[in-house]
Amino acid sequence: MTRKIGLRIDVDTFRGTRHGVPVLCELFAKHHISGTFYFSVGPDNMGRHLWRLLKPAFLWKMLRTNAAGLYGPEIILMGTCWPGPGIGKHLGSIIREADAAGHEMGLHCWDHHQWQARIDRMSDEQLYRALKKGVDMLGEILGRAPETSAVPGWKCRNAVLEQKARFPFRYNSDCRGDAMFVPKVGDREMNQPQLPVTMPTYDEALGRDGVTNDNYNDHMLKLLRPDALNILTIHAEAEGNICRNMFDEYVRRAQDLGYEFVPLRELLPADLTTLPRGRIVNRDFPGREGWISCIELEP
Ligand SMILES: [Zn+2]
């Protein structure tokens, strides 16, 4: 029986990169585990994102999850009055340290805010350029091209899969679901398999179905499936900050149950042709603003 948890770390902001990534690297070293980091490397305009989403559902989520505590006070203003600071430009050394520690390096995006706000309207050329800027920046930081990517907010479309195929990614993690698959666009099988995230994120789970900080780890441990795909996303802004101690305990308890935390690449089968075929479909999702990409496997 294999008990593995694919550990994925999304890094959305300047602050998360600067403060959260080193905290997580230290925690991973302590537990002798490694994971896959997905970095945002362009401007941090997440303040714009927060203002744009100031509507009831989002306000409720902010209250549930204490967003100011998660993201810090300056995030509310960042990108609203002045251009956001370039994450890769200023914090490349932190990304290289995570690389040197043996973690897998992936691209989250160039501009997290822009992707989430404009994905529905971006042309193929705009999608390509957003990916290219991110790949180039991360490639320059690492001295090699990233081999995996994961779109912000699980906002993917077939057009995104087609543009990603122009880059040398081995696989991507752009959607939610419970099985690895080879995505199809029309009749065409894409050459980059998808590793979907199987478990909810902290901000999705908290405050729903009676989940509180006190029983959060119990809840998340119950979602683990011994013989199936487990992929967990944590955020440098949450688990690398105010949720650090809780996540530390989660790792210890999961290890006690016999689970091993691994980078996503270690979950890929040797023979990719054995994977099922499927499609990306966009659906509303509990705890999320707007649609996100989910999987629909072929029968
Ligand atoms: Zn993100």
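Higher on the page you've got the structure.
Cut-offs and rules
- Residues numbered from 1 in each chain as written.
- Predicted model: local features only at pLDDT ≥ 70, side-chain atom pairs only at ≥ 80, totals over all residues.
- Heavy atoms only, no water.
- Helix = DSSP H or I, 4+ residues; strand = E, 2+ residues; numbered from the N terminus.
- Expected span 1.5 Å × (residues − 1).
- Buried < 20%, exposed > 50% of the residue type's maximum accessible area, 1.4 Å probe, protein only.
- Donors = N, O, S within 2.8 Å, 3.2 Å for Na, K, Ca; no water.
- Contact = heavy atoms within 4.5 Å.
- Pairing = 2+ DSSP bridges.
- Phe/Tyr/Trp six-rings, centres within 6.5 Å; stacked < 30°, edge-to-face > 60°.
- Core = buried A, V, L, I, M, F, W, Y, C linked by side-chain atoms within 4.5 Å.

Enquirer: Would you explain helix 12 (residues 244-256) in this entry?
Expert: Every α-helix winds through 3.6 residues per turn, so residues three or four apart in the chain are directed the same way. The terminal C-alpha atoms of helix 12 lie 19 Å apart, and with 13 residues this matches the ideal 18 Å at 1.5 Å per residue to within 8%. Every buried residue belonging to helix 12 is among Met246, Phe247, Asp248, Tyr250, Val251 and Ala254, and all of these are buried. Positive backbone phi, approximately 95 degrees, marks Gly258, located one or two places after helix 12.

Enquirer: Whenever I open this one, the coordination of the zinc ion confuses me. Can you help?
Expert: As a benchmark, a tetrahedral metal site with four donors has ideal angles of 109.5 degrees, while an octahedral site with six donors has ideal angles of 90 or 180 degrees. Protein coordination at the zinc ion: the donors are Asp12 (OD), His108 (NE2) and His112 (NE2), at 2.1 to 2.2 Å from the metal. Sequence spacing of the donors to the zinc ion: D-x95-H-x3-H. Taken together, the residues span a long stretch of sequence, with Asp12 in the loop between strand 1 (4-11) and helix 1 (14-31) and His108 in strand 3 (residues 104-109) at a distance of 96 residues. When its relative accessible area of 5% is taken as the criterion, Asp12 is described as buried. Judged by its relative accessible area of 4%, His108 is buried.

Enquirer: Explain helix 7 (residues 124-142) to me, please; I cannot follow it from the model alone.
Expert: Look at helix 7: 27 Å from first C-alpha to last across 19 residues, which is about the 27 Å you get at 1.5 Å a residue. Of the positions making up helix 7, those classed as buried are Leu127, Tyr128, Ala130, Leu131, Gly134, Val135, Met137, Leu138, Gly139, Ile141 and Leu142. Against the buried residues of helix 7 lie helix 5 (87-100), strand 3, helix 6 (112-118) and helix 8 (158-164). Of the residues flanking the end of helix 7, it is Gly143, one or two places downstream, whose phi is positive at about 80 degrees.

Enquirer: What am I meant to see in the sheet that holds strand 11 (residues 291-297) here?
Expert: Hydrogen bonds between backbone atoms are what pair the strands of a sheet, whose relative direction is either parallel or antiparallel. On the basis of which strands lie adjacent, the open sheet formed by four strands has the order 7-6-10-11 and mixed pairing. Since the sheet does not close on itself, it has two edges, and those belong to strand 7 (188-189) and strand 11, each with one partner. One ladder, built from two bridges, connects strand 6 (residues 182-185) with strand 10 (residues 277-284); its direction is parallel. What sits directly across from Val182, in strand 10, is Arg277.

Enquirer: What is the right way to read the packing of aromatic side chains from this model?
Expert: The geometry of two aromatic rings is summed up by the distance between their centres and the angle between their planes. Tallied over the entire structure, the rule returns seven aromatic pairs. Plain terms: the ring middles of Tyr128 and Phe167 are 5.3 Å apart, the flat faces sit at 25 degrees to each other, and that makes the pair stacked. Taken together, the residues span a long stretch of sequence, with Tyr128 in helix 7 and Phe167 in the loop between helix 8 and strand 5 (171-172) at a distance of 39 residues. You'll find Tyr128 and Phe167 in the same group, each marked buried. When the centroid spacing of 5.2 Å and the interplanar angle of 80 degrees are considered together, the rings of Tyr202 and Tyr216 count as edge-to-face. You can see Tyr202 sitting in helix 9 (residues 202-205) and its partner Tyr216 sitting in helix 10 (residues 216-222), a full 14 residues away along the chain. The burial state of Tyr202 is the same as that of Tyr216; both residues are buried.

Enquirer: Help me understand the nonpolar core, please; the structure alone is not making it clear to me.
Expert: Among soluble globular proteins, nonpolar side chains are generally buried collectively. Membership of the largest hydrophobic core comes to 52 residues, with the highest contact counts inside it found for Phe28, Phe37 and Tyr250. Here the element with the most residues in this core is helix 7; it accounts for seven residues. In contact with Phe28, not counting residues within four places along its chain, are Leu7, Ile9, Ile33, Phe37, His103, Ile234 and Phe247.

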